[in-house]
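# Understanding the architecture of this molecule
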Amino acid sequence: MTLSELLKDVDVTSVQGNTSVKISGIAFNSTEVKPGDVFVCITGFKTDGHKYAADALERGAVAIVVERPIEDTAATVAITKNTRLALSQMAAVYYDYPYRKFRLIGITGTNGKTTTTYLVKSVMESCGHKVGLIGTNQNMIGETVIPAKHTTPDSLELMRLFSRMAEEGADTVVMEVSSHSLALDRVASCEFDVGAFTNVTQDHLDFHETMENYIDAKALLFKKCRVGVLNADDAACERMRELAECETLDYSTKIPAGILADNIEYMSTGVKFDAIYKGQTSKIELGIPGGFSVYNALTAIGCCLAAGISLERIANGLKNASGVKGRIEVVNTDTDYTVIIDYAHTPDGLLNILSAIRGFAKGRIITLFGCGGDRDRTKRPKMGKIAGQLSDFCIVTSDNPRSEKPADIIEEVLAGVKETDCEYVTIENRFEAIEYALDNAKKDDIILLAGKGHEPYQILKDRTIVFDEREIVLKLIDSSEG
Ligand SMILES: Nc1ncnc2c1ncn2[C@@H]1O[C@H](COP(=O)(O)OP(=O)(O)OP(=O)(O)O)[C@@H](O)[C@H]1O
Ligand SMILES: [Mg+2]
């Protein structure tokens with residue numbers, strides 16, 4: 001492929017040198033440049049790719065794409081206003097628009113993206129489709145797992161993944177679309193068949209600065225899809241609808257909407273409700289508990305309806321859908337109390353999961369949690385207070401202490417717990433803390449292990465240890481039953 005072919009969708013403002021030069025690959029990290037590549041200079045937050053143009057040429061790059069002129073180089077240089085956008089457009093051409101070879105479903109929102117992608121995958125597979133998934137925990141093609149670095153990969157990696165998914169016969173791909181990926185043009189050249197929005201709460205303001213920017217970044221998805229699935233109960237929904245340039249299908253548990261959830265039941269093992277769509281009603285049963293699981297199910301229903309699946313077949317698919325590792329995950333303990341593992345590691349996440357559990361708890365809520373070391377310290381007392389307000393008993397322990405002294409972190413968390421009148425203990429060693437929780441559990445209690453979710457390890461000062469909470473819980477119960 002020549003450079004000019006690769007640049008065919010890019011708005012090039014000027015070019016110097018020979019654009020019919022043959023290109024064998026694309027790179028934006030100079031250490032990954034191979035001879036014959038074109039190097040795209042991205043203006044980053046930590047560093048600027050323009051500084052590495054010379055290094056890329058030394059490593060064999062035959063052309064450079066930049067946002068501003070590069071001094072003294074004989075190489076072919078193309079200038080464009082936005083190299084992040086250009087990278088996405090060039091990668092799409094290089095991999096021959098792979099997203100046109102399957103139905104692409106994108107899900108954005110502060111919470112619920114990972115969970116909903118898995119629900120959509122389960123339903124589409126139950127209807128005989130081969131499904132690719134891209135998200136926080138991992139990427140998948142059918143049952144094949146491909147490790148993930150980000151919730152949404154960079155645009156080059158994304159096209160590479162799409163290309164592999166198309167090659168391996170995926171006819172549907174469902175992916176998490178983070179607000180960063182929308183704002184940074186990582187999905188700029190993607191054409192979504194369906195886009196969906198779960199909810200918006202405060203998050204990532206270090207990047208977006210204002211909630212308006214954050215919401216508008218997410219709304220970009222609805223300029224890039226055929227059908228937009230919207231949560232009509234979320235405060236940001238009207239703004240999404242206003243900015244959408246696609247057909248929309250909304251859902252609600254409260255007001256008349258395209259899809260309505262009625263007769264909702266909340267159990268510690270899951271949720272049940274009637275889904276009403278165009279005069280049809282189907283009973284939905286989902287084995288994932290919590291109020292927000294009704295919303296994740298509604299989002300998945302909207303996506304699959306927009307993809308042409310009937311409500312009845314969707315209901316069957318959801319019945320067999322399994323939850324996501326570390327997302328309100330009920331551990332199969334076979335005890336008269338329940339153990340739930342959840343990834344919640346922010347004040348909002350903890351508020352969400354504890355409010356959800358409060359919705360179906362019959363006995364006490366015992367919350368075991370900590371806070372990560374070398375991370376945002378301001379959230380520690382906030383999480384302590386939220387746990388104290390919404391639990392009957394708190395066990396404050398270690399999360400990933402990293403280089404910080406576990407006792408110091410626990411002290412900062414406790415400051416928040418002490419603002420409430422909730423009973424608590426502190427146990428630095430997380431294994432012993434789990435043991436304490438199980439030893440003191442009573443009938444109908446719910447023990448929440450919060451913060452580590454799908455992570456099968458614990459990062460300590462001097463080493464990282466294997467630490468899979470569901471295995472630990474089952475082993476401890478086994479050994480206590482002797
Ligand atoms: N629809 C929802 N609304 C609010 N909270 C939710 C919802 N779904 C899940 N949660 C809570 O948020 C946590 C994260 O859920 P999930 O991983 O599905 O979200 P995400 O959007 O993928 O998050 P991330 O941005 O970290 O990838 C869950 O562990 C659960 O406690
Ligand atoms: Mg996620």
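Residues numbered from 1 in each chain as written. Chains lettered and ligands numbered in written order. Predicted model: local features only at pLDDT ≥ 70, side-chain atom pairs only at ≥ 80, totals over all residues. Heavy atoms only, no water.

On to the sheet that holds strand β4 (residues 63-66), then. Read from one edge of the open sheet, five strands run β1-β5-β4-β3-β2, paired in mixed fashion. Edge positions in the sheet fall to β1 (12-16) and β2 (25-27), since each has one partner strand and no second. The average undirected angle you get between the axes of adjacent strands in this sheet is 20 degrees. Across three bridges, the pairing between strand β3 (residues 37-40) and β4 is parallel. Across the sheet, Phe39 pairs through a bridge with Ile64, a residue of β4. Relative to the sheet, helix α3 (residues 83-94) contacts β2, β3, β4 and β5 (76-80), its axis offset from that of β2 by approximately 155 degrees. (Pairing = 2+ DSSP bridges. Helix = DSSP H or I, 4+ residues; strand = E, 2+ residues; numbered from the N terminus. Axes fitted to C-alpha atoms, helices over the stretch in contact; angles between N-to-C directions. Contact = heavy atoms within 4.5 Å.)

Our next topic: the nonpolar core. Generally speaking, soluble globular proteins have nonpolar side chains that are buried together. Within the largest apolar cluster, 71 residues are counted, with the highest numbers of intra-cluster contacts made by Val120, Phe273, Ile301, Leu318, Leu350 and Phe369. By residue number, the principal contributor to this core is helix α10 (residues 291-306), which donates ten residues. With residues near it in sequence (within four places) discarded, Leu350 still touches Ala344, Phe369, Met383, Ile386, Ala387 and Ala450. (Core = buried A, V, L, I, M, F, W, Y, C linked by side-chain atoms within 4.5 Å. Buried < 20%, exposed > 50% of the residue type's maximum accessible area, 1.4 Å probe, protein only.)

Around ligand 1 lies a shell of 17 residues, among which Thr114, Thr115, Asn296, Arg327 and Asp342 are the nearest. For ligand 1, an oxygen atom lies 2.6 Å from a polar atom in the side chain of Thr115. The contact in question runs from an oxygen atom of ligand 1 to an N or O atom on the side chain of Thr136, over 2.8 Å. Protein burial of ligand 1: of its 620 Å² of free accessible surface, 89% is covered by the chains. Going through the elements one at a time, α4 (113-126), α10 and α12 (347-358) are the ones with two or more residues in the shell around ligand 1. At three residues, the largest contribution of residues to the shell around ligand 1 is made by α4. (Near = heavy atom within 4 Å. Polar contact = N/O pair within 3.5 Å; in protein donor to acceptor, adjacent residues only side chain to side chain. Areas by Shrake-Rupley, 256 points an atom, 1.4 Å probe, with all protein chains shown as cover.)

With that out of the way, let us pick up the side chain of Arg402. Here Arg402 is to be found in the loop between β20 (393-396) and α14 (406-417). Despite its burial, Arg402 remains without a salt bridge, the nearest opposite charge being carried by Asp374 at 5.4 Å. Setting aside its immediate chain neighbours within four residues, Arg402 contacts Gly372, Gly373, Asp374, Arg375, Ile459, Leu460 and Lys461. (Lys, Arg positive; Asp, Glu negative; His and termini not counted. Salt bridge = Lys/Arg side-chain N within 4 Å of Asp/Glu carboxyl O.)

With that settled, the discussion passes to the coordination of the magnesium ion (ligand 2). Within the protein, Thr114 (OG1), Thr136 (OG1) and Glu176 (OE) serve as the donor atoms for the magnesium ion (ligand 2), at 2.0 to 2.2 Å. Counting gaps between the donor residues of the magnesium ion (ligand 2) yields the pattern T-x21-T-x39-E. A residue pair is termed long-range when its members are at least 10 positions apart, and Thr136 in the loop between β7 (131-134) and β8 (138-141) and Glu176 in strand β10 (residues 172-176) qualify at 40 residues. Overall, Thr136 belongs to the partly exposed group, its relative accessible area being 25%. Glu176 sits in the buried class, given a relative accessible area of 2%. (Donors = N, O, S within 2.8 Å, 3.2 Å for Na, K, Ca; no water.)

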